[in-house]
Amino acid sequence: MTNASVAVHVEGDDVAIALSGEVDLDNAATVESQLHKAISNQAKAVSLDLSDVAYIDSIGMRILFALAATLESLNITLTVVAQPGTAARRVVTLSGLDRLAVLEP
Amino acid sequence: MTDPNQQPATDRLRRIELVTEPSLGHLDVEELLDELLERVRELLDVDTAAVLLLDPSGSELVATAAHGIEEEVQQGVRVPLGRGFAGRIAADKRPVVIERVDHTNVINPLLRDRGIQSLLGVPLLSAGSVLGVMHVGTLRQRTFTEDDVQLLQLVAERVTVATQSRRSAIEHSAARALQRSLLPGALPSIPGVSIAARYVAGEAAGLGGDWYDAFPLPSGGLFLVIGDVVGRGLRAAVVMGRLRSTVRAYALTDPDPARVLSLLDQKIQYFEPGEMATVLVAIFHPTLDKVEISCAGHPPPVLAPPDAPAGLVDLAVDPPIGVRPALVRRSTTIEIPDGAVMCFYTDGLVERRGVDIDERFAQLCASVFADEADSVCTAVMRSLVGSESASDDIALIALRVRGDEGQAALDIHVPAVPASLTHIRTALRRWLVNASVTSDDATDILLALGEATANAVEHAYGPGRGTVSVHVALDGSDVLATVSDVGRWRPARGENRGRGTTIMKECMDDVDVRSDASGTTVTMRRRVEQVQR
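Residues numbered from 1 in each chain as written. Chains lettered and ligands numbered in written order. Predicted model: local features only at pLDDT ≥ 70, side-chain atom pairs only at ≥ 80, totals over all residues. Heavy atoms only, no water.

> Account for the overall build of chain A, with residues named and values stated.
Within chain A one finds three helices and five strands. Along chain A, helices (α) and strands (β) appear in the sequence β-β-α-β-α-β-α-β when read from the amino end. Classification of the 105 residues of chain A by burial places 46% in the buried group. Taking all contacts inside chain A whose residues are at least 6 apart in sequence as the whole, residues at least 24 apart take part in 61%. (Helix = DSSP H or I, 4+ residues; strand = E, 2+ residues; numbered from the N terminus. Buried < 20%, exposed > 50% of the residue type's maximum accessible area, 1.4 Å probe, protein only. Contact = heavy atoms within 4.5 Å.)

Pasting the structure below:
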């Protein structure tokens, strides 16, 4: 079983989510439903911290792309946090996710 | 004779096991079910037995095998989920017993017409989801006991396992065959380019949706695409096939890499919502010193110049295909030094769990050098794959531009049919560009060769057809061209005969036509100016 954890911190209309661990075919559906649950219809801004994601495959990336497209259509801003030098940062820029979300830092 | 109902259940089950054993491995799903149903009929002492499997949409059950009520299969009976006897079993995922059949509890007229009095049906369940329904019926009224229900459930379990493993084996080989059929049989042979590729199907993970494709464009450019459909198995392979034909179609209508990807994106979001793929499209300029690339979330190519270490190409990267509507896609133009090698690949080559991707990129770059394309593929596979078996699909395509071997001669052998003329012109146009022939000279040579080849197509062969061969080479500062066929020219018909020869003579410095019993050869020569490069 692949393990990932989704930590959620809500402050007013802002939702901060920290995803960590590994995401692949095995747990992609679980992670996706956890992410959806974390974001209420009241949210205005979502930040998704991927700095502690050790591994994410293409199926995992599909979830993030789907999320980015959905939030965009709901006018909810998405900020993706991935520290320089991390595996996650590399994947975000290699896949073009940074075109659908604000990448920080 | 022993009443089968009196036999211990274990004995009866053994008979079912007999038909699910591996020795029946050669049967396909339908044959296997057929065999099983015959046993079930004897085992439960019933008159009819049938299996309905859920169709791929998951909304209807389709009669797949039947005994005693073969019409179900022959007439292709379909039962909507939730309706009628079988539909209820599938929807509620539990057994249903009907002691007395009438139109209120059975909607399938076949069951009623057949005179079935009592029915027992159980769901075929796999990990909690319904695969189908199995039901048995009797022509006399019968009370199915709790034991009967349990026995049929046990049989159903075995049927499920057998059906599933057989189905996935068939899917697997179908996907393989499909995938193989979708890979280019042979890479295009293009003057000035050496091109090679490797494709390895993922072993442990089953199948992916990787593909590559390369072909010359009518404009004289070279179109290359490499992509990876997210997901596995037959489904990914099928989506990949659709992407591939779509890309080919758009490549011809609008040969601009960002436009091709935008159109592909629109098509996928409309017809295959929910699918995602990373795709890279590269269009090489006819002169082969420039390539325009648009990248949809795909790993960057490697460029190895002849005099410097290889590196990843810096590209504008847009999101994958299938993610978001109306995305403005970008492209990047890359200069290719003479003799350089470019490598395109899918993530299966570089991604390894627990290994830093940049480490793998560095390893890849270290194994790419400006050499023959095939040697490059060999070196890359040896360094990055070695003896490990692939867990994901790997596609790799390497391309070397020109090199220092000088301008090779152009050799074309094609059927002498009108459709070949455009191919000959395309190849010749590219060859002339590569040979740095000025555009005035090139226009004349194209015209002269066009006339000569058209003559061969028109006059050399009867309805049996044949081939036409074109050979073009640089001879000092001359272009020397021959067009030959092995047919017998028939006398001219129509008005315009002879005009072709006039044009050839006007365009070339020297034209010689030799015709004998073995065929006709037109030899032409023209002094050309070469552009300094």
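> Mind laying out the overall build of chain B, listing which residues take part and the relevant values?
Within chain B, the regular secondary structure consists of 14 helices and 22 strands. Within chain B, buried positions represent 52% of all 533 residues. As displayed, chain B has an accessible area near 23800 Å², and 50% of this comes from carbon and sulfur atoms. (Areas by Shrake-Rupley, 256 points an atom, 1.4 Å probe, with all protein chains shown as cover.)

> Run through the state of the cysteines, naming residues and quoting values.
Residues and elements named next belong to chain B. The final tally for this structure, using the stated rule, is zero disulfides over all chains. Just so you know, Cys377 is unpaired, no disulfide at all, and the nearest cysteine sulfur is the one on Cys343, 6.1 Å from it. On the accessibility criterion, Cys377 (0% relative accessible area) is buried. (Disulfide = S-S within 2.5 Å.)

> Summarise a negative patch on the surface; cite the residues concerned and give the values.
Residues and elements named next belong to chain B. On the surface, Glu30, Glu31, Asp34, Glu35, Glu70 and Glu71 cluster together to form a negatively charged patch. Counting residues per element, the negative patch draws most heavily on helix α2 (residues 29-44), which supplies four residues. With respect to the element layout, Glu35 can be found in helix α2. Residue classification places Glu35 among the partly exposed residues on the basis of a relative accessible area of 32%. (Patch = residues over 30% accessible without salt bridge, like charges linked within 9 Å, V, L, I, M, F, W, Y side chains within 5 Å. Salt bridge = Lys/Arg side-chain N within 4 Å of Asp/Glu carboxyl O. Lys, Arg positive; Asp, Glu negative; His and termini not counted. Charge placed at Lys NZ, Arg CZ, Asp CG, Glu CD.)

> Give a detailed account of empty space enclosed by the protein, specifying residues and quantitative values.
Residues and elements named next belong to chain B. Within this structure, the stated rule accounts for three cavities of 30 Å³ or more. Taken as a whole, the largest cavity spans an internal volume of roughly 70 Å³. What lines the largest cavity is simply Leu52, Glu72, Val79, Gly84, Phe85, Ala86, Val106, Ile107, Asn108, Leu111 and His135. A total of three residues in the lining of the largest cavity trace back to one element, the largest contributor, which is helix α4 (residues 84-92). (1 Å grid on protein atoms, 1.4 Å probe; cavity = no way out; pocket = protein on both sides within 12 Å on 5 of 7 lines; lining within 4 Å. Points joined across faces, edges and corners; volume = space filled by probe spheres on them.)

> Mind laying out the packing of aromatic side chains, listing which residues take part and the relevant values?
What describes a pair of aromatic rings is the distance from one ring centre to the other and the angle between the planes of the rings. Applying the stated criterion across every chain, the model contains two aromatic pairs over all chains. Ring plane angle 75° and centroid distance 4.9 Å describe the contact between Tyr270 of chain B and Phe271 of chain B, whose orientation is recorded as edge-to-face. (Phe/Tyr/Trp six-rings, centres within 6.5 Å; stacked < 30°, edge-to-face > 60°.)

> Tell me about the environment of Val200 of chain B, and please be specific about residues and values.
The residue Val200 of chain B is located in strand β7 (residues 193-200) in this model. Note: C-alpha distance between Val200 of chain B and Ala395 of chain B (195 residues apart in sequence) is 6.6 Å.

> Give me the interface of chain B and chain A: which residues, what numbers.
One frequently used descriptor of interface size is the decrease in accessible area upon assembly of the parts. With 25 residues of chain B at the interface, the matching set in chain A holds 19 residues. At the boundary of chain B with chain A, total buried surface from both sides reaches about 1800 Å², with 58% on carbon and sulfur atoms. Among the residues of chain B in contact with chain A, Val230, Arg324 and Arg353 of chain B are the three that bury the most area, contributing 30% of the side total. Across the contact surface, chain B and chain A share five salt bridges. In this structure, Arg90 of chain A engages Asp358 of chain B in a salt bridge whose closest nitrogen and oxygen atoms are separated by 2.4 Å. (Buried area = accessible area lost by both parts, 1.4 Å probe.)

> Got a sec to walk through the sheet that holds strand β21 (residues 510-516) of chain B? Specific residues and values, please.
All names here are of chain B. With antiparallel pairing, five strands are arranged side by side in an open sheet as β18-β19-β20-β22-β21. Since the sheet does not close on itself, it has two edges, and those belong to β18 (410-415) and β21, each with one partner. Ignoring which end each strand starts from, the neighbouring axes of this sheet average 10° apart. Taken together, the six bridges between β18 and strand β19 (residues 467-475) define a ladder with antiparallel strand orientation. If you follow Asp411 over to β19, its bridge partner there is His471. (Pairing = 2+ DSSP bridges. Axes fitted to C-alpha atoms, helices over the stretch in contact; angles between N-to-C directions.)

> Any chance you could break down the sheet that holds strand β16 (residues 341-345) of chain B for me, citing the residues and the numbers?
Residues and elements named next belong to chain B. Taken in spatial order, the five strands make up an open sheet running β7-β17-β16-β12-β13, and their pairing is antiparallel. Where the open sheet ends on each side, the last strands, each with one partner, are β7 and β13 (311-312). Sheet analysis places β16 next to strand β17 (residues 394-401), joined by five bridges and oriented antiparallel. Residue pairing for β17: Tyr345 is matched across the bridge by Leu396. Here helix α11 (residues 373-384) sits on the sheet and contacts β7, β16 and β17; the angle it forms with β7, its principal contact strand, is near 30°.

> How would you explain the pairing of strand β2 (residues 60-67) of chain B if you had to name every residue and give the values?
Residue and element names in this part refer to chain B. Most of β2 is tucked away: six of the eight residues are buried. The pairing of strand β1 (residues 48-54) with β2 spans six bridges and is antiparallel. By the bridge assignment, Leu54 is partnered in β2 with Leu61. Count of turn residues in the β1/β2 antiparallel hairpin: five residues, of which Gly58 carries a positive phi of about 75°. Pairing of β2 with strand β3 (residues 78-80), which is carried by three bridges, proceeds in the antiparallel orientation.

> Go over the environment of Ser40 of chain A with me, naming the residues and quoting the values.
With respect to the element layout, Ser40 of chain A can be found in the loop between α1 (28-38) and β3 (45-56). Sequence separation between Ser40 of chain A and Asp13 of chain A is 27 residues; the distance between their C-alpha atoms is 9.0 Å.

> Outline the side chain of Arg89 of chain A, listing residues and values.
All names here are of chain A. Here Arg89 is to be found in helix α3 (residues 87-95). Asp98 provides the closest opposite charge to the buried, unpaired Arg89, separated from it by 7.5 Å. Reaching out from Arg89, the side chain makes a polar contact with the backbone oxygen of Pro105 at a distance of 2.8 Å. Excluding residues that lie within four positions of it along the chain, Arg89 makes contacts with Ala82, Gln83, Pro84, Leu103, Glu104 and Pro105. (Polar contact = N/O pair within 3.5 Å; in protein donor to acceptor, adjacent residues only side chain to side chain.)

> Tell me what's going on with the packing of helix α13 (residues 439-459) of chain B against helix α14 (residues 499-507) of chain B, and back it up with residues and numbers.
Residue and element names in this part refer to chain B. For the pair α13 and α14, interaxial distance at closest approach is 9 Å and the crossing angle is 150°. Considered as vectors, α13 and α14 are oriented roughly antiparallel to each other. The handedness of the crossing between α13 and α14 comes out as left-handed. Together, Asp444, Leu447, Ala448, Glu451, Ala452 and Asn455 of α13 and Gly500, Ile503, Met504 and Cys507 of α14 make up the contact between the two elements. Here the contact of α13 with α14 is built from residues that sort into six nonpolar, two polar and two charged. (Parallel < 35°, antiparallel > 145°, perpendicular 65-115°, else oblique. Left-handed = near helix turned anticlockwise from the far one by under 90°. Nonpolar A, V, L, I, M, F, W, Y, C, P; charged D, E, K, R; others polar.)

It is worth stressing that arrangement in space is one thing and function is another; only the former is reported here.
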